[in-house]
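So the chains spell out like this:
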Amino acid sequence: MSTMATPQLTVESAKRLAAYRAVDEHFPPHARHIGIGSGSTVVYVVERIAQLSREITDPIVFVPTGYQSRELILRAGLKLGSIDMHTELEVAFDGADEVDPYLNCIKGGGACLFQEKLVAVCAKKFVVVADYRKLSPSLSTHYAPGIPIEVVPSAATYVLARLTALGAVAPVIRMGGTAKAGPCITDNGNFIIDAPFPDGFIPSSSSSSRLSPSKSISPTSSSIAIDASAVGMGGERVGGLELLGKEGGHPGAAVGMGVGANEKVEDLARVLKGIVGVVDHGVFWSGDRKPLVAYFGMENGKVETRVLHT
């Protein structure tokens, strides 16, 4: 008896599926201000929005997180706004470089993390769209460059030293593209430091965190929903999908079904924000804004979601 193999989608097709479903389910019927993030998946968010009737979209002001999203908005013929003029958004759609089972995210691969975070915190609802490669059992294990950190240029050397003291392995100032000599410069005129933490946030039985004691975290369940109270207590009701291994991730990525400690993410996020010279970092967590829901286009043609129940 033969069985038919499930066709595997291309990554771009998976991105489109996630983006379309996110827009279909979260685009407000009478919106006035909507945030548009950056990244390759957001291309399909704008594509889907542009398919709506002009009667719906013409009254709406779309607020970008950076140059790329600004250009997407303009090319789609949508009305462009700015976050300094419109600080109350009904919803913001954005991508992510890595998402853990607690809906903590790493963002900033495109060097727009400060604007992305600002738009996210101004939105009543923050929705992440991504593909299956962005699912991770623990932050800083699948996104190889580590945590992006925007820093004032004159403070870069000091921040690099502080990151190394915290356990980052060979943090570096991100360089510009092949056509640019020198560092990558953000829209705010700052540098980006990429800081890999090779053990991620997976508790280790052999050593304790430099930031907080390790706690025992149970393996993920098959449930996709996440109970916020359980996460806060480090309990067992931690939602997740079939999690990826370390393929394509940082060499220090943990293997198996371990779940990174939410407490460690929060501890490090606070410490990083407190370093003099740091404008902001690319960890999106409960202390600023994690998504209410995240959509992932999967290889099998389905769209999986992770939802934070508050």
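Residues numbered from 1 in each chain as written. Predicted model: local features only at pLDDT ≥ 70, side-chain atom pairs only at ≥ 80, totals over all residues. Heavy atoms only, no water.

- Going by an unreviewed UniProt entry, the protein chain carries the name Ribose-5-phosphate isomerase and comes from Discina gigas.
- Quoted verbatim from the Pathway (unreviewed entry) field of the UniProt record, the comment on the protein chain reads "Carbohydrate degradation; pentose phosphate pathway; D-ribose 5-phosphate from D-ribulose 5-phosphate (non-oxidative stage): step 1/1."
- The record in UniProt for the protein chain states the following under Sequence similarities (unreviewed entry): "Belongs to the ribose 5-phosphate isomerase family." (UniProt positions renumbered as here; feature names shortened; annotations may be inferred.)

1. Observations regarding the pairing of strand β7 (residues 126-131)
Every regular strand shows the same layout, with side chains that alternate between the two sheet faces.
1) Next: Of all 6 residues in β7, 6 are buried, a share of seventy percent or more.
2) Next: Residues Phe 126, Val 128 and Ala 130 point to one face of β7 and Val 127, Val 129 and Asp 131 to the other, with burial holding for every one of them.
3) Next: As paired strands, strand β4 (residues 91-94) and β7 are joined by 3 bridges and run parallel to one another. Along β7, the bridge assignment pairs Ala 92 with Phe 126. (Buried < 20%, exposed > 50% of the residue type's maximum accessible area, 1.4 Å probe, protein only. Helix = DSSP H or I, 4+ residues; strand = E, 2+ residues; numbered from the N terminus. Pairing = 2+ DSSP bridges.)

2. Observations concerning the environment of Arg 48
1) Next: Locating Arg 48 in the fold gives a position in helix α2 (residues 42-50).
2) Next: Accessibility expressed as a relative area gives 23% for Arg 48, which makes it partly exposed.
3) Next: Distance from Arg 48 to Tyr 20, taken between C-alpha atoms, is 5.8 Å for residues 28 residues apart in sequence.
4) Next: The residues touching Arg 48, leaving out its near neighbours within four places in the chain, are Tyr 20, Val 23 and Asp 24. (Contact = heavy atoms within 4.5 Å.)

3. Thoughts on the sheet that holds strand β6 (residues 105-106)
1) Next: The antiparallel open sheet is built from 3 strands, whose spatial order is β5-β6-β13. Single-partner strands in this sheet number two, and they are β5 (98-99) and β13 (283-284).
2) Next: Alignment of β6 against β13, held across 2 bridges, turns out to be antiparallel. Bridging from a neighbouring strand, Ile 106 pairs with Val 283 of β13.

4. With respect to helix α5 (residues 113-122)
Since one α-helical turn is 3.6 residues long, residues separated by three or four positions face the same way.
1) Next: With 7 of 10 residues buried, α5 lies mostly within the body of the structure.
2) Next: Among the residues of α5, those classed as buried are Leu 113, Gln 115, Glu 116, Lys 117, Val 119, Ala 120 and Cys 122.

5. A look at the side chain of Thr 41
1) Next: On the secondary structure map, Thr 41 appears in the loop between β1 (33-36) and α2.
2) Next: Residue classification places Thr 41 among the buried positions, given a relative accessible area of 4%.
3) Next: When sequence neighbours within four positions are dropped, the list of residues in contact with Thr 41 reads Lys 15, Ala 19, Val 129 and Ala 130.

6. A short note on the packing of aromatic side chains
1) Next: Under the criterion given, the structure shown has 1 aromatic pair.
2) Next: Where Phe 126 meets Phe 284, the ring centres are 6.1 Å apart and the plane angle is 35 degrees; that geometry is what we call tilted. Placement of the pair is Phe 126 in strand β7 and Phe 284 in strand β13, with a sequence separation of 158 residues.
3) Next: Since its relative accessible area comes to 0%, Phe 284 is described here as buried.
4) Next: A cation over a ring is seen here: Lys 107 above Phe 284, with NZ or CZ 5.5 Å from the ring centre.
5) Next: Lys 117 extends its terminal NZ or CZ atom over the ring of Phe 284, reaching a point 4.9 Å from the ring centre. (Phe/Tyr/Trp six-rings, centres within 6.5 Å; stacked < 30°, edge-to-face > 60°. Lys NZ or Arg CZ within 6 Å of the ring centre and 35° of its normal.)

7. A look at the nonpolar core
1) Next: By size, the foremost hydrophobic cluster in this structure holds 27 residues, and its most contacted members are Ile 34, Ile 36, Val 45, Phe 62 and Phe 93.
2) Next: Counting only elements with at least two residues in this core, the list comes to α1 (11-26), β1, α2, α4 (67-75), β4, β7 and β14 (293-297).
3) Next: When residues no more than four places from it in sequence are discounted, the contact partners of Ile 36 are Val 42, Val 45, Val 46, Ile 49, Phe 62, Val 63, Pro 64, Thr 65, Ser 69, Ile 73 and Phe 93.
4) Next: Counting residues in hydrophobic clusters, the runner-up holds 25 residues, among them Leu 139, Phe 191, Leu 268 and Val 283. (Core = buried A, V, L, I, M, F, W, Y, C linked by side-chain atoms within 4.5 Å.)

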